Amino acid sequence: MEKHITDENTGISYTLYGDYYLPDLELKEQEEANYGKYGILRKNFLKEHRSGLYSSYLLTGKLTAHLNEVDQQARERMEVLVRQMMEKQEITEALKAQDQMAWVGAVNNIRNAAEEIVLNEMVYL
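Just so it is clear, the model here is predicted, and its values are computed rather than measured. (Residues numbered from 1 in each chain as written. Predicted model: local features only at pLDDT ≥ 70, side-chain atom pairs only at ≥ 80, totals over all residues. Heavy atoms only, no water.)

(A) The arrangement of the overall build of the protein in detail. If you tally the helices and strands in the protein, you get five helices and three strands. Of the regular secondary structure in the protein, the N- to C-terminal order runs β-β-β-α-α-α-α-α. Since a compact globule built from 125 residues should have a radius of gyration of about 14 Å, the 24 Å found for the protein marks it as more spread out than a globular shape. Across its three principal directions, the C-alpha atoms of the protein cover 85 × 25 × 25 Å. Accessible surface for the protein amounts to roughly 9,200 Å². Of this, 50% is attributable to carbon and sulfur atoms. The positive charge centre, built from 14 side chains, and the negative charge centre, built from 21, are 6 Å apart in the protein. (Helix = DSSP H or I, 4+ residues; strand = E, 2+ residues; numbered from the N terminus. Rg over C-alpha atoms; globule rule 2.2 N^0.38 Å. Areas by Shrake-Rupley, 256 points an atom, 1.4 Å probe, with all protein chains shown as cover. Lys, Arg positive; Asp, Glu negative; His and termini not counted. Charge placed at Lys NZ, Arg CZ, Asp CG, Glu CD.)

As structure tokens, this is what we get:
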């Protein structure tokens, strides 16, 4: 028996291991993983709640690109929402100079609200 064979119809090559021919499968090169918190949360969500979509992204080599994109968009959305909410609620540097604890509390509340929006709109879909 030959060590390597190629199926004429599909073009898939096989290698002999023991008594069985197994396909020579290779993962496509993926882009570098540089996602952060939101990318990790999206990955965990996909694994637990959208396993079919997760498997599809993984098998086609698009998972890392998807997670990088979600993370980048979520971080940008967070910045925009926090800035807009701070302007709307008039949380300024003057308040920070006047009463630091009130400023910290207000900014923390804004960040938490913005993060809740981002998670629901972009990560947990």
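(B) Structural view of helix α3 (residues 63-88). The terminal C-alpha atoms of α3 lie 37 Å apart, and with 26 residues this matches the ideal 38 Å at 1.5 Å per residue to within 8%. Taken as a whole, α3 has its buried residues at L63, T64, H66, L67, N68, V70, D71, A74, M78, L81, V82 and M86. Here the buried face of α3 lies against α1 (37-49), α2 (51-60) and α5 (100-123). Just downstream of α3, E90 is the residue with a positive phi angle, here 55°. (Expected span 1.5 Å × (residues − 1). Buried < 20%, exposed > 50% of the residue type's maximum accessible area, 1.4 Å probe, protein only. Contact = heavy atoms within 4.5 Å.)

(C) How the structure looks around the packing of α3 against α5. Two numbers describe how α3 lies on α5: the axes approach to 9 Å, and their chain directions differ by 140°. Here α3 is positioned oblique relative to α5, judged by the angle of their axes. α5 is crossed by α3, and the crossing has right-handed handedness. Contact residues: α3 offers V70, Q73, A74, R77, M78, L81, V82, M85 and M86, while α5 offers W103, V107, I110, R111, A113, A114, E115, I117, V118, E121 and M122. Class assignment for the residues of the contact of α3 with α5 results in 15 nonpolar, one polar and four charged. (Axes fitted to C-alpha atoms, helices over the stretch in contact; angles between N-to-C directions. Parallel < 35°, antiparallel > 145°, perpendicular 65-115°, else oblique. Left-handed = near helix turned anticlockwise from the far one by under 90°. Nonpolar A, V, L, I, M, F, W, Y, C, P; charged D, E, K, R; others polar.)

(D) Structural context of the sheet that holds strand β3 (residues 20-23). The antiparallel open sheet is built from three strands, whose spatial order is β1-β2-β3. Of all the strands in the sheet, just β1 (4-6) and β3 have a single pairing partner and so form its edges. On average, adjacent strands in this sheet sit at an angle of 35° to one another, irrespective of strand direction. Relative to β3, strand β2 (residues 13-17) runs antiparallel, the two sharing four bridges. In the sheet register, Y14 faces β3, and the bridge partner there is P23. (Pairing = 2+ DSSP bridges.)

(E) Summary view of α1. Helix length check: α1 (13 residues) gives 18 Å between terminal C-alpha atoms against 18 Å at 1.5 Å per residue, within 8%. Within α1, burial applies to Y38, G39, R42, F45 and L46. Down the axis of α1, the smallest arc covering the buried residues is 125°, so these residues share one side. Elements in contact with the buried residues of α1: α2, α3 and α5. (Arc of directions from axis to C-beta.)

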